[in-house]
Amino acid sequence: MSVEQLEHPYPDGFRHNWTRREIIEFFDLPLMDLLFQAHSLHRQYFDPNKIQLSQLCSIKTGGCPEDCKYCPQSSRYPTDVEAERLMALEKVLAGARKAKSAGATRYCMGAAWRSPKGRDMAAVCDMIRGVRNLGLESCMTLGMLDPAQAAQLKQAGLDYYNHNVDSSPEYYPEIITTRSYEDRLKTLENVRTAGINVCSGGIVGMGESKADRAGMLQTLANLPQHPGSVPINMLVQVEGTPLYGAGGIDPFDFIRTIAAARLVMPASYVRLSAGREAMSDEMQALCFFAGANSIFYGEKLLTTPNPLQNNDLDLFARLGITPEGK
Ligand code: SAM
Ligand code: DTB
Ligand code: SF4
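These notes cover the structure that comes with them. Every value quoted in this text rests on a predicted model; they were computed, and no experiment measured them.

1. Looking at the environment of Glu277
Mapped onto the secondary structure, Glu277 falls in the loop between β8 (269-272) and α10 (281-290). Along the primary structure Glu277 and Thr304 are separated by 27 residues, whereas in three dimensions their C-alpha atoms are 9.6 Å apart. Sequence-distant contacts of Glu277, defined by excluding residues within four places in its chain, comprise Pro305, Asn306 and Pro307.

Pasting the structure below:
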């Protein structure tokens, strides 16, 4: 399929009726053809030499009641992660100040919750206000939200809410049983209705099939609005989790997933998310060429290591890439 054929007259100018077959056809293209199409479309919407930097902060670590098989923070699995209480506001803001001075433009606060409790809402709303006062965009990922909670976060000024679909509807129940795919979509709807930008993506390298990867992208692209940002995570295998030692993905299939995400969601930020510690500089450069234009920046994701900031800045300099906001 050519880039021209991709354009269809939908109200927002984008397609929301992708079939799984069409996405699999992208995956099956010769790699150079797929990269060429994805990169050509990328250039129509973005400066290919700019990357957005988001920094993560785990505001509530571990002790999570959910059973996500990839996650070191679930209380069900014997990992090294110790459960902690909700972080104090000042500590969160100290991290945000550091992130801003290192060049991040968004601060993403994550909590190992099934959903936030009423008693936590005031504290997280203070964090949102504090982060925005520093001149950073705010993002939160706190689990499932009901409409009232989404409205409260919006009221506090939240810019983005991250809630991943994680995989295809078919593969999802192999990975998580404590909440359904439908629950996930409902939270995304609540976030959207509240007027908060949606950040939603998933994980690859969990042993899923090509059809599952296509199904995940199909779900995301066929939402009523494309997510403003789409994190594509490569599974970080953590000892003690059920997925430790399982899965894995050919680096070229990972790059194909990024390229297909770009093709089906042309104007969304596609974030090269967890898993960069296991990627070579060359693989990351190909991901950027395929359409990734955001990363998680800073030496830690939520509980696992991420490349050092200086290494990322050095890689950008070698590639002639400038962080957004610089
Ligand atoms: N507890 C909340 C939830 O799950 O909705 C928010 C935090 S949770 C850690 C956010 C996302 O991180 C998950 O949906 C998953 O996509 C990603 N994630 C968690 N563990 C991961 C791992 N080991 N490798 C890659 N991505 C991971
Ligand atoms: C997302 O898609 N990836 C981030 C963020 N959203 C919250 C989390 C990655 C977590 C990797 C495993 C860890 O560090 O605990
Ligand atoms: Fe809990 Fe989120 Fe980890 Fe699932 S991904 S176990 S909900 S912290």
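2. Brief notes about the site of ligand 3
Taken together, Cys64, Glu66, Cys68, Tyr70, Cys71, Ser74, Ala112, Trp113 and Arg179 make up the full set of residues adjacent to ligand 3. Looking at the shell around ligand 3 residue by residue, the class counts come to six nonpolar, one polar and two charged.

3. Describing the pairing of strand β7 (residues 229-234)
The side chains of a regular strand alternate between the sheet's two faces. In terms of residue burial, β7 counts as a mostly covered element, since six of its six residues are buried. Alternating residues of β7 divide into Ser229, Pro231 and Asn233 and Val230, Ile232 and Met234, and every residue in both groups is buried. Of the strand pairs in this sheet, strand β6 (residues 202-204) and β7 are connected by three bridges, and their pairing is parallel. Residue pairing for β7: Val204 is matched across the bridge by Met234. Remark: the β6/helix α8 (residues 210-221)/β7 crossover connection has right-handed handedness. Where β7 and β8 come together, four bridges link them in parallel fashion. Counterpart to Pro231 in the pairing with β8 is Arg271. The parallel pair β7 and β8 is bridged by helix α9 (residues 251-264), and the resulting crossover is right-handed.

4. Quick look at the packing of aromatic side chains
According to the stated counting rule, one finds five aromatic pairs in the structure shown. One cation-aromatic arrangement involves Arg15 over Trp18; the distance from NZ or CZ to the ring centre is 3.9 Å. Taking the ring centre of Phe296 as reference, the NZ or CZ of Arg271 above it sits at 5.0 Å.

Procedures and definitions
- Residues numbered from 1 in each chain as written.
- Chains lettered and ligands numbered in written order.
- Predicted model: local features only at pLDDT ≥ 70, side-chain atom pairs only at ≥ 80, totals over all residues.
- Heavy atoms only, no water.
- Helix = DSSP H or I, 4+ residues; strand = E, 2+ residues; numbered from the N terminus.
- Contact = heavy atoms within 4.5 Å.
- Near = heavy atom within 4 Å.
- Nonpolar A, V, L, I, M, F, W, Y, C, P; charged D, E, K, R; others polar.
- Buried < 20%, exposed > 50% of the residue type's maximum accessible area, 1.4 Å probe, protein only.
- Pairing = 2+ DSSP bridges.
- Right-handed = clockwise from strand over helix to strand, strands pointing away.
- Phe/Tyr/Trp six-rings, centres within 6.5 Å; stacked < 30°, edge-to-face > 60°.
- Lys NZ or Arg CZ within 6 Å of the ring centre and 35° of its normal.

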